[in-house]
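Read off the chains here:
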Amino acid sequence: MEDKFYQLASFEYVADVQIVKGKLESEGIPVFLRDENTLNSDPLISNAIGGVKLQVYTRDKERAIAIYDDIRAYAVDIDGEAIICPNCKAKKSEPYYNSTGLFYKLFPFFEKRKYKCLNCGMITNSK
């Protein structure tokens, strides 16, 4: 039987993924981290390669999504308030990095911060 992977999430820093990894493994779900060692050796290229990717077997996808949704932190503004989607009014957004063009791949910190609504998928700019 061929096992396939589902990418549950990606994280900018390796340390951020460890909490989710530990929770999923404590629930009996095997976890695989792509690009973890690359970012441990050079964390400055995180945005260029899309961060560290947390993957699970596709057979564990639904359970992993449910667990991740229970513990994940959603994006907040500078006042600590949840980012509200202007389209569907959901408070479930996360930072979104497009990184189009060579300049933003080399200097991702110049890219204007955007947020992606996890409810409807709309991408908005920060205030």
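Residues numbered from 1 in each chain as written. Predicted model: local features only at pLDDT ≥ 70, side-chain atom pairs only at ≥ 80, totals over all residues. Heavy atoms only, no water.

Draft legend 1. Molecular detail of the overall build of the chain. Scanning the chain for helices and strands turns up five helices and six strands. Scanning the chain from its N terminus toward the C terminus, one meets helices and strands in the order β-α-β-α-α-β-α-β-α-β-β. Sorting the 127 residues of the chain into buried and exposed places 28% on the buried side. Put simply, of all contacts in the chain between residues at least 6 apart along the chain, 53% involve residues at least 24 apart. Working note: accessible area of the chain is about 8400 Å², and carbon and sulfur atoms make up 51% of it. (Helix = DSSP H or I, 4+ residues; strand = E, 2+ residues; numbered from the N terminus. Buried < 20%, exposed > 50% of the residue type's maximum accessible area, 1.4 Å probe, protein only. Contact = heavy atoms within 4.5 Å. Areas by Shrake-Rupley, 256 points an atom, 1.4 Å probe, with all protein chains shown as cover.)

Draft legend 2. Just helix 1 (residues 14-26), in detail. Taking 1.5 Å of rise per residue, 13 residues should cover 18 Å, and helix 1 covers 19 Å from first to last C-alpha, within 8% of that figure. As for helix 1, its buried residues are in contact with strand 1 (5-11), strand 2 (32-34), helix 2 (36-41), strand 3 (52-57) and helix 4 (61-71). Of the residues flanking the end of helix 1, it is Gly28, one or two places downstream, whose phi is positive at about 85°. (Expected span 1.5 Å × (residues − 1).)

Draft legend 3. Representation of the pattern of salt bridges within the structure. The full count for this structure, using the stated rule, is three salt bridges. Between Glu27 and Lys23 there is a salt bridge, and its shortest N-O distance comes to 3.1 Å. Taking relative accessible area as the criterion, Glu27 reaches 36% and is therefore assigned partly exposed. Ionic pairing is found between Asp35 and Lys53, a salt bridge with its closest N-O pair at 2.5 Å. Of this pair, Asp35 sits in the loop between strand 2 and helix 2 while Lys53 is found in strand 3, placing the two residues 18 residues apart along the sequence. (Salt bridge = Lys/Arg side-chain N within 4 Å of Asp/Glu carboxyl O.)

Draft legend 4. Highlighting the sheet that holds strand 2. Pairing in this open sheet of three strands is antiparallel, and the strands run 1-3-2 from one edge to the other. Each of the sheet's edge strands pairs with one partner strand only, and the pair in question is strand 1 and strand 2. Averaged over all pairs of adjacent strands, the angle between strand axes in this sheet comes to 30°, irrespective of strand direction. In the sheet, strand 1 pairs with strand 3 via six bridges, with the strands oriented antiparallel. Bridge pairing in strand 3 places Tyr6 opposite Val56. Taken strand by strand, helix 1 contacts strand 1, strand 2 and strand 3, and its axis lies near 15° from that of strand 3. Sitting on the sheet, helix 4 touches strand 1 and strand 3, and the angle it makes with strand 1 is about 20°. (Pairing = 2+ DSSP bridges. Axes fitted to C-alpha atoms, helices over the stretch in contact; angles between N-to-C directions.)

Draft legend 5. Layout of the packing of helix 1 against helix 4. Helix 4 packs onto helix 1 with a crossing angle of 130° between their chain directions and a minimal axis gap of 10 Å. Judged on the interaxial angle alone, helix 4 and helix 1 are oblique. Both helix 1 and helix 4 take part in a crossing whose hand is right-handed. For the pair helix 1 and helix 4, the contacting residues are Val20, Lys23 and Leu24 in the first and Ala64, Ile67, Tyr68 and Ile71 in the second. For the contact of helix 1 with helix 4, the per-class residue count stands at six nonpolar, no polar and one charged. (Parallel < 35°, antiparallel > 145°, perpendicular 65-115°, else oblique. Left-handed = near helix turned anticlockwise from the far one by under 90°. Nonpolar A, V, L, I, M, F, W, Y, C, P; charged D, E, K, R; others polar.)

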